[in-house]
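The primary structure of each chain is shown beneath.
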Amino acid sequence: MLFVLSKTLGLFLVPPGLFVLLLFLSLFFFLLRKQKIGLILLSFTLFFIYFISTEPGKDLILSPLENAYPHPDFSKVHCRYIVVLGGGEIPHSPAENGRASVRPAVAKRLYEAFKLYREKELPVLVSGGNVYGTEAESEAEAMARFLKTIGVPSEKITEEKRSRNTIENGIYSYQILGPQGIKEICLVTSAYHMPRSVMIFREVGFEVTPVPADYRVYREKYGWYSYLPRGDYLQDSLNGFREYVGILYFELLQKRKVLKWRAREDSNLRPTD
């Protein structure tokens, strides 16, 4: 219940829920005959929506996240396991004969993991549960099927099926790999999601080599069309806002809990005399 409540309230702290809140406040002030305040809020909301729907606005939000960790040279990478984070699934997909399929962003993460696997032949852990407790397959099952389809042997794939968010990705992955003495991992996720993921996985106890995938910033000169509002730019901006809120949420409210969990976990893993 607490998990669902936090997810619901969090939707109104970032766009588009924030837009709804601002527009509601604008209407509220207009009804109170405080037109100046209402007009300021409405004007700000309209400009804000326009700006983050353009390429420069999207890049301003995403670039610091995507540039935090460079893409590594696979020939120089040293880790013992590849860990790939889920990011949503499409339940009961006709393309998978009624089973779940991975979303496009997750497919890009898995393809990056496949390239690293092809270079190093390392085992792969796919991490992702069923966020809202539906009867669909877990993300991990859909991710594992994708990897098998493109050529990763099933014996090289481990599924972590319980996690519902990035913190649980880290904790449940550590519970699988930690008892085996495996802490050196190559972490694969979307580039904009990498700073928060690295932060969490290192606090959990892993030694992380970041392997960013699914880049959203084009890294080319802007044209006049870059300033036209587009739905995909808006969606990318929303993803970036959620990451900043997620980083702040982890630092302020979750980091201490993770450190306490890690202390208990390490004591359980420590051999006794």
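One can find the structure itself at the top, above this paragraph.
Throughout this description, residue numbers start from 1 for each chain and increase along the sequence as written. This being a predicted model, a pLDDT of at least 70 is required before a residue's local features are given, and a value of 80 or more before pairs of side-chain atoms are given or counted; all residues contribute to the totals for chains, interfaces and linings. The side-chain figures draw on all heavy atoms in the structure; neither hydrogens nor water molecules are used.

A word on the overall build of the protein
Within the protein, the secondary structure is distributed over 9 helices and 7 strands. Seen through its C-alpha atoms, the protein measures out along the principal axes to roughly 75 × 45 × 40 Å. Whether a residue is buried, partly exposed or exposed follows from its accessible area with a 1.4 Å probe, protein chains only, as a fraction of its type maximum: under 20%, in between, or over 50%, in that order. Buried residues in the protein amount to 47% of all 273 residues. A separation threshold of at least 6 residues defines the contact pool for the protein, and within that pool the share at least 24 residues apart is 71%. For the protein, the exposed surface amounts to about 14,800 Å²; the carbon and sulfur share of it is 61%. Averaging the locations of the 35 positively and 29 negatively charged side chains of the protein gives two centres separated by 6 Å. We count a stretch as a helix when DSSP gives it H or I for four or more residues in a row; a strand needs E for two or more, and each element gets its number in order from the N terminus. Two residues form a contact once any of their heavy atoms are found within 4.5 Å. Methods summary: accessible areas were calculated by the Shrake-Rupley approach with a probe of 1.4 Å, and residue burial reflects only the protein chains presented. Only four residue types enter the tally: Lys and Arg on the positive side, Asp and Glu on the negative side, with His and both chain ends excluded. Think of each charge as sitting on NZ of Lys, CZ of Arg, CG of Asp or CD of Glu.

A short note on the state of the cysteines
Defined by distance alone, a disulfide is two cysteine sulfur atoms within 2.5 Å. Using the criterion set out here, one finds 1 disulfide in the structure. One disulfide in the model links Cys79 with Cys186; its S-S distance is 2.1 Å. Taking the torsion about the sulfur-sulfur bond, which here is approximately -100°, the covalent link between Cys79 and Cys186 counts as left-handed. You can see Cys79 sitting in the loop between helix H4 (55-66) and strand S1 (81-85) and its partner Cys186 sitting in strand S6 (residues 184-190), a full 107 residues away along the chain. Considered together, Cys79 and Cys186 belong to a single accessibility category, that of buried residues.

A word on the environment of Ile176
Mapping Ile176 onto the fold places it in helix H7 (residues 166-177). Using a relative accessible area of 26% as the deciding quantity, one classes Ile176 as partly exposed. Along the sequence, Ile176 and Lys161 sit 15 residues apart, while their C-alpha atoms lie 11 Å from each other. Excluding residues that lie within four positions of it along the chain, Ile176 makes contacts with Leu125, Thr158, Glu159 and Glu160.

Topic: helix H2 (residues 17-31)
Note that an α-helix has 3.6 residues per turn; residues three or four places apart therefore point the same way. Expected helix span is given by 1.5 Å per residue-to-residue step, counting one fewer step than there are residues. The first and last C-alpha atoms of H2 sit 21 Å apart over 15 residues, in line with the 21 Å expected at 1.5 Å per residue. Considered for burial, the residues of H2 that qualify are Gly17, Phe19, Leu22, Ser26 and Phe29.

Overview of the packing of H7 against helix H8 (residues 194-204)
For the pair H7 and H8, the least separation of the axes is 9 Å and the interaxial angle reads 35°. The handedness of the crossing between H7 and H8 comes out as right-handed. For the pair H7 and H8, the contacting residues are Thr166, Ile167, Asn169, Gly170, Ile171, Ser173 and Tyr174 in the first and Arg196, Ser197, Ile200, Phe201 and Val204 in the second. Of the residues in the contact of H7 with H8, the class split is 6 nonpolar, 5 polar and 1 charged. To get an axis, fit a line to the C-alpha atoms, keeping to the stretch in contact for a helix; angles then go from 0 to 180 degrees between the N-to-C directions. Two helices crossing with the near one rotated counterclockwise from the far one by less than a right angle form a left-handed crossing, whereas a clockwise rotation gives a right-handed crossing. Under the grouping applied here, Gly and all other residues not named as nonpolar or charged are polar, the nonpolar ones being Ala, Val, Leu, Ile, Met, Phe, Trp, Tyr, Cys and Pro and the charged ones Asp, Glu, Lys and Arg.

Regarding the side chain of Glu55
Along the polypeptide, Glu55 turns up in helix H4. The term salt bridge refers to a pairing of a side-chain nitrogen on Lys or Arg with a carboxyl oxygen on Asp or Glu at a separation within 4 Å. One buried charged side chain, Glu55, makes no salt bridge at all; its nearest oppositely charged neighbour is Lys58, positioned 4.7 Å away. Separated by 2.8 Å, the side chains of Glu55 and Ser226 make a polar contact. Each residue touching Glu55, except ones within four places of it in the same chain, is listed here: Tyr218, Tyr222, Ser226 and Tyr233. Polar contact criterion, stated in full: a pair of N or O atoms within 3.5 Å, where within protein one must be able to donate a hydrogen and the other to accept it, and residues adjacent in sequence count only if both atoms are side-chain atoms.

Regarding the nonpolar core
In this text, buried Ala, Val, Leu, Ile, Met, Phe, Trp, Tyr and Cys residues form a nonpolar core when linked through side-chain atoms within 4.5 Å. Counting residues in each nonpolar core, the largest one holds 28 residues, and the members touching the most others are Ile82, Val84, Leu110 and Val126. When contributions to this core are tallied by element, the ones reaching two or more residues are S1, helix H5 (104-120), strand S4 (124-127), helix H6 (139-150), S6 and strand S7 (207-213). Among the elements that line this core, the one with the most residues is H5, at 7 residues. When near neighbours in sequence (up to four residues on either side) are disregarded, Val84 contacts Arg109, Leu110, Ala113, Val124, Leu125, Val126, Ser127, Met143 and Val188. Among the nonpolar cores identified, the runner-up in size contains 22 residues, and Val83, Leu177, Ile185 and Phe201 belong to it.

A short note on the environment of Arg145
Tracing the sequence through the fold places Arg145 in helix H6. With relative accessibility at 15%, the residue Arg145 sits in the buried group. In this structure, the C-alpha to C-alpha distance between Arg145 and Glu96, residues 49 residues apart in sequence, is 9.7 Å.

Quick look at a nonpolar patch on the surface
Two joining distances apply to patches: 9 Å for like charges and 5 Å for nonpolar side chains (Val, Leu, Ile, Met, Phe, Trp, Tyr), and every residue must have over 30% relative accessible area and no salt bridge. A contiguous nonpolar surface patch, about 440 Å² in accessible area, is contributed by Leu21, Phe24, Leu25, Phe28 and Leu32. Relative to the assigned elements, Leu32 resides in the loop between H2 and helix H3 (35-52).

Digging into the sheet that holds S4
The 5 strands lie next to each other as S5-S4-S1-S6-S7, forming an open sheet whose pairing is parallel. Each edge of the open sheet carries a strand with a single partner, namely strand S5 (157-160) and S7. If you compare each strand with its neighbour and ignore which way they point, the axes differ by 25° on average. Sheet topology note: the S4/S5 ladder contains 4 bridges and is parallel. Note that in S5 the partner of Leu125 across the bridge is Thr158. Together, S1, S4, S5 and S6 form the strand contacts of H7, whose direction differs from that of S5 by roughly 130°. Sitting on the sheet, H8 touches S1, S6 and S7, and the angle it makes with S6 is about 150°. We call two strands paired when DSSP finds no fewer than two bridges between them.

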